[in-house]
Amino acid sequence: MAKTATKSAKKPAAKTSAPMTAKQGAKPAAKAAARSAAKVAKPAAKVSAKKPAKAKIKTAKKPALTLSMLKPSVNNMSVRVFARAAGLDHSETDVWGHTRSPEYMARNPAHLTPMIEDKGLPRGVLWESCAIMQYLANKHGLEKLYPKAPAKRAMIDSAMFYLIGTLYPYVARATYPALNFPQYAGEVGHSDAHPDKKSEAQKAAIEAIAEPLEVFHSFFRNGKPFIGGKNPSIADIRLAATLEFLAVIDYALPEWAKDYMAAIEKKLGKAYAEPAGDVRGYIAYVRSQANA
């Protein structure tokens with residue numbers, strides 16, 4: 001019995017934990033503290049080790065459309081006004097004195113302005129102001145400037161073709177001598193004719209302007225604010241630009257034409273005023289030279 005009692009007494013004593021010494025009690029506490037410190041320290045270490053983000057350098061986006069133009073020209077003014085009014089992303093290059101260069105003629109054998117460069121074109125380039133406006137209006141769905149409805153579009157096209165086929169040749173004959181622009185081959189102004197003959201031809205052209213001008217007023221506008229109706233169309237832009245040249249010869253525009261041009265400029269704002277300013281500036285310069 002004594003033996004058994006002794007064993008029983010020993011077992012519980014063995015299982016019961018002996019009181020910890022200061023050294024033994026410190027170990028678990030130290031480990032727990034170390035673990036907590038490590039957990040807190042890890043994120044901090046990561047933050048400090050993280051590399052600073054590199055600043056992204058934004059490169060300027062190249063405009064989708066390139067326009068080669070001459071600032072004093074109303075043909076060029078038409079497309080410059082159109083591109084602004086349409087809100088097209090484009091850049092302009094003044095090619096004054098460079099249209100006969102090998103580089104320019106390699107792209108444009110007709111050496112004409114305005115000229116656009118656009119990837120969607122079969123040859124990459126397009127000239128002639130009316131064709132450029134038609135193409136861009138079609139490409140970007142600009143119905144406000146060039147309606148899709150066949151009948152409305154036909155009137156816009158007719159007005160533009162009548163302008164370049166009838167009105168503009170008269171305007172060119174009347175104004176080019178004063179603007180110091182070369183006359184077209186075959187014109188009296190381009191020939192070696194006596195100055196009196198050239199003056200007679202210029203006078204005849206000035207007198208001829210009134211008839212097609214009235215056609216635009218009575219037929220194409222027909223009581224509407226613009227050829228395009230309530231809003232200026234590409235035909236209106238082309239007509240208004242053409243009439244800008246008449247200032248160089250002090251042509252007496254009818255009141256409706258003055259109001260019409262003012263209405264277009266008001267409607268289009270800077271889109272019209274900025275390119276028009278270049279044409280008007282050139283005309284003012286030419287006139288100042290003539291009066292000097």
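Residues numbered from 1 in each chain as written. Predicted model: local features only at pLDDT ≥ 70, side-chain atom pairs only at ≥ 80, totals over all residues. Heavy atoms only, no water.

Caption draft 1: Region of interest: the pattern of salt bridges. By the definition in use, this model includes 11 salt bridges. Residue Glu244 pairs with Arg280 through a salt bridge whose shortest N-O separation is 2.9 Å. Taken together, the positions of Glu244 in helix H9 (residues 234-244) and Arg280 in helix H11 (residues 270-291) put the pair 36 residues apart, joining distant regions of the chain. Three or more residues joined by partner-sharing salt bridges are found here, namely Arg80, Arg84, Glu92, Glu274 and Asp278. (Salt bridge = Lys/Arg side-chain N within 4 Å of Asp/Glu carboxyl O. Helix = DSSP H or I, 4+ residues; strand = E, 2+ residues; numbered from the N terminus.)

Caption draft 2: Inspection of the side chain of Asn75 at higher detail. Summarising the element assignment, Asn75 is placed in helix H3 (residues 74-85). A polar contact of 2.3 Å, which involves the side chain of Asn75, links it to the side chain of Arg238. Beyond its immediate sequence surroundings of up to four residues, Asn75 is in contact with Pro114, Ser129, Tyr168, Tyr176 and Arg238. (Polar contact = N/O pair within 3.5 Å; in protein donor to acceptor, adjacent residues only side chain to side chain. Contact = heavy atoms within 4.5 Å.)

Caption draft 3: The arrangement of helix H6 (residues 150-179) in detail. Relative to the 44 Å expected for 30 residues at 1.5 Å per residue, H6 spans just 38 Å between its end C-alpha atoms, considerably shorter than the ideal helical length. The sharpest bend along H6 comes to roughly 45°, located at Leu163. Looking one or two places after H6, you find Asn180, whose phi comes out positive at around 65°. (Expected span 1.5 Å × (residues − 1). Bend = angle between axes of the 7 residues up to and from the residue.)

Caption draft 4: Structural context of the packing of aromatic side chains. Under the defined criterion, the tally for this structure stands at 13 aromatic pairs. Seen in terms of ring centroids, Tyr162 and Phe216 are 5.5 Å apart; in terms of plane orientation they differ by 45°. Their pairing is tilted. On the criterion of sequence distance, the pair formed by Tyr162 in helix H6 and Phe216 in helix H8 (residues 210-221) is long-range, its members being 54 residues apart. Judged by its relative accessible area of 22%, Tyr162 falls in the partly exposed class. The class of Phe216 is buried, set by a relative accessible area of 1%. Here Tyr168 and Tyr176 contribute two aromatic rings whose centre-to-centre distance is 6.4 Å and whose plane-to-plane angle is 75°, an arrangement assigned as edge-to-face. In terms of burial, Tyr168 and Tyr176 fall into one category: buried. A network of ring pairs unites the aromatic residues Tyr168, Tyr176, Phe181, Tyr184, Phe245, Tyr282 and Tyr285 as a single cluster. Above the face of the Tyr146 ring, Arg153 is positioned so that its terminal group lies 3.8 Å from the ring centre. (Phe/Tyr/Trp six-rings, centres within 6.5 Å; stacked < 30°, edge-to-face > 60°. Buried < 20%, exposed > 50% of the residue type's maximum accessible area, 1.4 Å probe, protein only. Lys NZ or Arg CZ within 6 Å of the ring centre and 35° of its normal.)

Caption draft 5: Geometry of empty space enclosed by the protein. Within this structure, the stated rule accounts for one cavity of 30 Å³ or more. Considering the residues around the largest cavity, the lining is formed by Ala137, Asn138, Gly141, Leu142, Glu143, Tyr146, Lys148 and Arg153. When grouped by side-chain class, the residues that make up the lining of the largest cavity number three nonpolar, two polar and three charged. (1 Å grid on protein atoms, 1.4 Å probe; cavity = no way out; pocket = protein on both sides within 12 Å on 5 of 7 lines; lining within 4 Å. Points joined across faces, edges and corners; volume = space filled by probe spheres on them. Nonpolar A, V, L, I, M, F, W, Y, C, P; charged D, E, K, R; others polar.)

Caption draft 6: Geometry of the sheet that holds strand S1 (residues 65-69). In spatial order, the strands read S2-S1-S3-S4; together these four strands make up an open sheet with mixed pairing. Only two strands of the sheet have a single partner each, and these edge strands are strand S2 (90-94) and strand S4 (125-127). Going across the sheet, the axis of each strand differs from the next one's by a mean of 20°, ignoring polarity. Here five bridges tie S1 to S2, and the two strands are oriented parallel to one another. Note that in S2 the partner of Leu67 across the bridge is Glu92. Seen against the sheet, H3 touches S1 and S2 and runs at an angle of roughly 155° to S1. Seen against the sheet, helix H5 (residues 129-140) touches S1, strand S3 (115-117) and S4 and runs at an angle of roughly 130° to S4. (Pairing = 2+ DSSP bridges. Axes fitted to C-alpha atoms, helices over the stretch in contact; angles between N-to-C directions.)

Caption draft 7: Structural context of the confidence of the model for the protein. Of all residues in the protein, 79% attain a pLDDT of 70 or more, and the chain-wide mean is 86. The model gives residues 1-26 a pLDDT under 50, and that stretch makes two contacts with residues more than four places away or in other chains. Of the regions scoring below 50 in pLDDT, residues 40-45 engages in zero contacts with residues more than four places distant in sequence or in other chains. (pLDDT = per-residue confidence, 0-100.)

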